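The lines below spell out each chain.
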Amino acid sequence: MSVLEIVRIPVLRDNYVWLLHCPATGATAAVDPAVAEPVDRALAARGWALSAVLNTHHHADHVGGNLALKRRHDAIVVGPAADADRIPGIDVKVGEGDTWSLGDATAHVLFVPGHTRGHIAFHFPESAALFCGDTLFLMGCGRLFEGTPAQMWDSLRRLRALPGDSRVFCAHEYTRSNARFAIQVDPHNDALRRRAEEVERARRHGHPTVPGRLDEERATNPFLRADQPALAHAVGLDGADPVEVFAELRRRKDNF
Ligand code: ZN
Ligand code: FE
């Protein structure tokens, strides 16, 4: 086993590319490289060689750097089997229950459709690290571009069940706007209020908020709390099925 070294590379407007490095073997991967150059610079600064690109889904702000990175490094592209035809340069197709190793560090793949129909997440248990792309955001979740509320709710519940100390490495810095929405639909949640204040402070100083901890998400993310009576009540759906509550929360956030 090996605990990964993880580097944040902010790119574009609000995307994060994550660089993963196995110190025992030197194996290095870039998760969802929207663009190639900042990844090249981060690699060069550390003297690391890129061995793999990991993609969670097919959107351009996650795969835009695939081909350039493949060309410049001897790297393979690992992505969702269910979406193989939309992942540029894919070499290794993975899905639910598969494992894939970066040097001595093993990732477990979860199939988490909803944002797109082929979305996957990579969980490295020994590093307590979850790379969830645009499925789970801190205090938020991805828009439903290709999936149904039932699919997304099921995906989020499965991510929610991972160990509480897991660090959530999502692909966007959306936390501040997510927190403002969360407060609106969960106004009596003290843990949420405290966290929202911390986030406002961090963002005012230009500090990143990602990664967060999964147990904090369980306590404060309204989209992980759609089965809580308080959230059903807040959206006027007392006693309703959590899928309905989730769908209504997502609808409201789309118009927030
Ligand atoms: Zn996306
Ligand atoms: Fe995205």
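The preceding data block contains the structure.
Reading guide: rules and limits
Residues numbered from 1 in each chain as written. Chains lettered and ligands numbered in written order. Predicted model: local features only at pLDDT ≥ 70, side-chain atom pairs only at ≥ 80, totals over all residues. Heavy atoms only, no water. Buried < 20%, exposed > 50% of the residue type's maximum accessible area, 1.4 Å probe, protein only. Helix = DSSP H or I, 4+ residues; strand = E, 2+ residues; numbered from the N terminus. Pairing = 2+ DSSP bridges. Donors = N, O, S within 2.8 Å, 3.2 Å for Na, K, Ca; no water. Tetrahedral: all angles 85-135°; square planar, octahedral: opposite > 155°, others 65-115°. Axes fitted to C-alpha atoms, helices over the stretch in contact; angles between N-to-C directions. Contact = heavy atoms within 4.5 Å.

Draft legend 1. A look at the pairing of strand β10 (residues 129–133). A large share of β10 lies buried, amounting to five of its five residues. Side chains Ala 129, Phe 131 and Gly 133 project from β10 onto one buried face, and the interleaved Leu 130 and Cys 132 project onto a second face that is buried too. For strand β9 (residues 120–124) and β10, the ladder comprises three bridges, and the chain directions are antiparallel. Note that in β10 the partner of His 123 across the bridge is Leu 130. In this structure, β10 lies alongside strand β13 (residues 167–170), joined through four bridges in parallel fashion. Directly across from Leu 130, in β13, lies its bridge partner Val 168.

Draft legend 2. Main features of the coordination of the zinc ion (ligand 1). For the zinc ion (ligand 1), the protein coordination sphere consists of His 57 (NE2), His 59 (ND1), His 115 (NE2) and Asp 134 (OD), at 2.2 to 2.3 Å. Seen from the zinc ion (ligand 1), its four donor atoms lie at angles of 88 to 172 degrees, and the figure they make is irregular. The distance between the zinc ion (ligand 1) and the iron ion (ligand 2) is 3.2 Å, with Asp 134 acting as a donor to both metals. Separated by 75 residues along the polypeptide, His 59 in the loop between β4 (52–54) and α2 (60–63) and Asp 134 in the loop between β10 and β11 (136–137) bring together distant segments of the chain. Across the pair, exposure class does not vary: His 59 and Asp 134 are buried alike.

Draft legend 3. Geometry of the coordination of the iron ion (ligand 2). Only Asp 61 (OD), His 62 (NE2), Asp 134 (OD) and His 172 (NE2) from the protein reach the iron ion (ligand 2) as donors, at distances of 2.1 to 2.4 Å. Around the iron ion (ligand 2), the four donor atoms sit at angles spanning 84 to 168 degrees, and that spread fits a shape best called irregular. Spacing between the donor residues of the iron ion (ligand 2) along the chain follows D-H-x71-D-x37-H.

Draft legend 4. Examining the sheet that holds strand β5 (residues 76–80) more closely. Taken in spatial order, the six strands make up an open sheet running β1-β2-β3-β4-β5-β6, and their pairing is mixed. The two strands at the open ends of the sheet, each matched to only one other strand, are β1 (5–11) and β6 (92–94). Direction aside, the axes of adjacent strands within the sheet are offset by 20 degrees on average. With three bridges joining them, strand β3 (residues 28–31) and β4 adopt parallel strand pairing. Paired with Ala 29 across the bridge in β4 is Ala 52. Of the strands in this sheet, β1, β2 (15–21) and β3 touch helix α1 (residues 37–46), which is tilted by about 140 degrees from β1.

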